[in-house]
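Letter by letter, the chains look like this.
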Amino acid sequence: MYAVVRHYRTTPGAVEAMISAVDDEFADRVPQQVGAVLYSAVDTGGGTAITITVYEDEAAAVRSESTVSELQRDLGERFGVKETSAHRGQVVVSRANEAIVRPVRATA
């Protein structure tokens, strides 16, 4: 497995709207669209957010880059969000229970 963790910045007021849009418009289709086995978005406060995307392997992550770029452009235009960093690497330890397969929805 291979993971990509991306850090984003925008204005504090825009994060909630952006997360809501991600939940409503992208989250259900992102895993299939980019070949991910897990996609999570986290509001980290102060106008920042991270996404955690886990793929079967590095090749799947590389194949997803153009789709991810399109999604980032859309969110950037609508919410002023910019990627500030991305960290990639092989997943070397992983544990999960059945709770991980239950979707978490953004609250309005």
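Computed from a predicted structure; not experimentally measured.

Chemist: Outline the sheet that holds strand β4 (residues 82–90), supporting the account with residue identities and numerical values.
Modeler: Backbone hydrogen bonds hold the strands of a sheet together, and the pairing may be parallel or antiparallel. The four strands are arranged β2-β3-β1-β4 in an open sheet whose pairing can be described as antiparallel. Where the open sheet ends on each side, the last strands, each with one partner, are β2 (36–45) and β4. The mean inter-strand angle of the sheet, taken between neighbouring strand axes irrespective of direction, is 15 degrees. Strands in contact with helix α1 (residues 12–26) are β2 and β3 (48–55); relative to β2, the strand with the most contacts, it is inclined by about 165 degrees. In the packing of helix α3 (residues 58–79) onto the sheet, contacts are made with β1 (2–9), β3 and β4, and the angle to β1 comes to roughly 20 degrees.

Chemist: Account for α3, naming residues and giving values.
Modeler: Residues separated by three or four positions in an α-helix point in the same direction, a consequence of the helix having 3.6 residues per turn. Counted at 1.5 Å a residue, the expected span for α3 with its 22 residues is 32 Å, and the 29 Å between its end C-alpha atoms agrees. All of the buried residues along α3 are Ala60, Ala61, Ser64, Thr67, Val68, Leu71, Leu75 and Phe79. Close packing links the buried residues of α3 with β1, α1, α2 (30–34) and β3. Directly after α3, the chain includes glycine 80, whose backbone phi takes a positive value near 70 degrees.

Chemist: Tell me about the side chain of threonine 51, and please be specific about residues and values.
Modeler: Counting through the fold element by element, threonine 51 comes out in strand β3. With near-sequence residues (within four places) excluded, threonine 51 lies in contact with Val4, Val5, Arg6, Tyr8, Tyr39, Ser40 and Ala41.

Chemist: Any details on the side chain of arginine 6? Residues and values, ideally.
Modeler: Relative to the assigned elements, arginine 6 resides in strand β1. Polar contacts involving the side chain of arginine 6 include one to the side chain of glutamate 83, which spans 3.2 Å. Those residues in contact with arginine 6 that sit more than four places away from it in its chain are Ala49, Ile50, Thr51, Glu65, Val68, Gln72, Glu83, Ser85, Ala86 and Arg88.

Chemist: Pulling in residues and values, what's your account of the environment of valine 54?
Modeler: With respect to the element layout, valine 54 can be found in strand β3. Between the C-alpha atom of valine 54 and that of proline 31, which follows or precedes it by 23 residues, the distance is 8.9 Å. Discounting chain neighbours no more than four positions away, the residues touching valine 54 are Met1, Tyr2, Ala3, Ala36, Val37, Leu38 and Val91.

Chemist: Break down the pairing of β1 for me, citing the residues and quoting the values.
Modeler: Across eight bridges, β1 lies against β3 in antiparallel orientation. Looking at β3, one finds that valine 4 is bridged to threonine 53. For β1 and β4, the ladder comprises eight bridges, and the chain directions are antiparallel. Among the inter-strand pairings, arginine 6 is bridged to a residue of β4, identified as alanine 86.

Chemist: Outline the pairing of β3, supporting the account with residue identities and numerical values.
Modeler: Looking down a regular strand, the side chains alternate between one sheet face and the other. Of all eight residues in β3, seven are buried; the element is thus mostly enclosed. Where β2 hands over to β3, the hairpin turn is made up of two residues, of which glycine 46 adopts a positive phi near 65 degrees.

Cut-offs used in this document
- Residues numbered from 1 in each chain as written.
- Predicted model: local features only at pLDDT ≥ 70, side-chain atom pairs only at ≥ 80, totals over all residues.
- Heavy atoms only, no water.
- Pairing = 2+ DSSP bridges.
- Helix = DSSP H or I, 4+ residues; strand = E, 2+ residues; numbered from the N terminus.
- Axes fitted to C-alpha atoms, helices over the stretch in contact; angles between N-to-C directions.
- Contact = heavy atoms within 4.5 Å.
- Expected span 1.5 Å × (residues − 1).
- Buried < 20%, exposed > 50% of the residue type's maximum accessible area, 1.4 Å probe, protein only.
- Polar contact = N/O pair within 3.5 Å; in protein donor to acceptor, adjacent residues only side chain to side chain.

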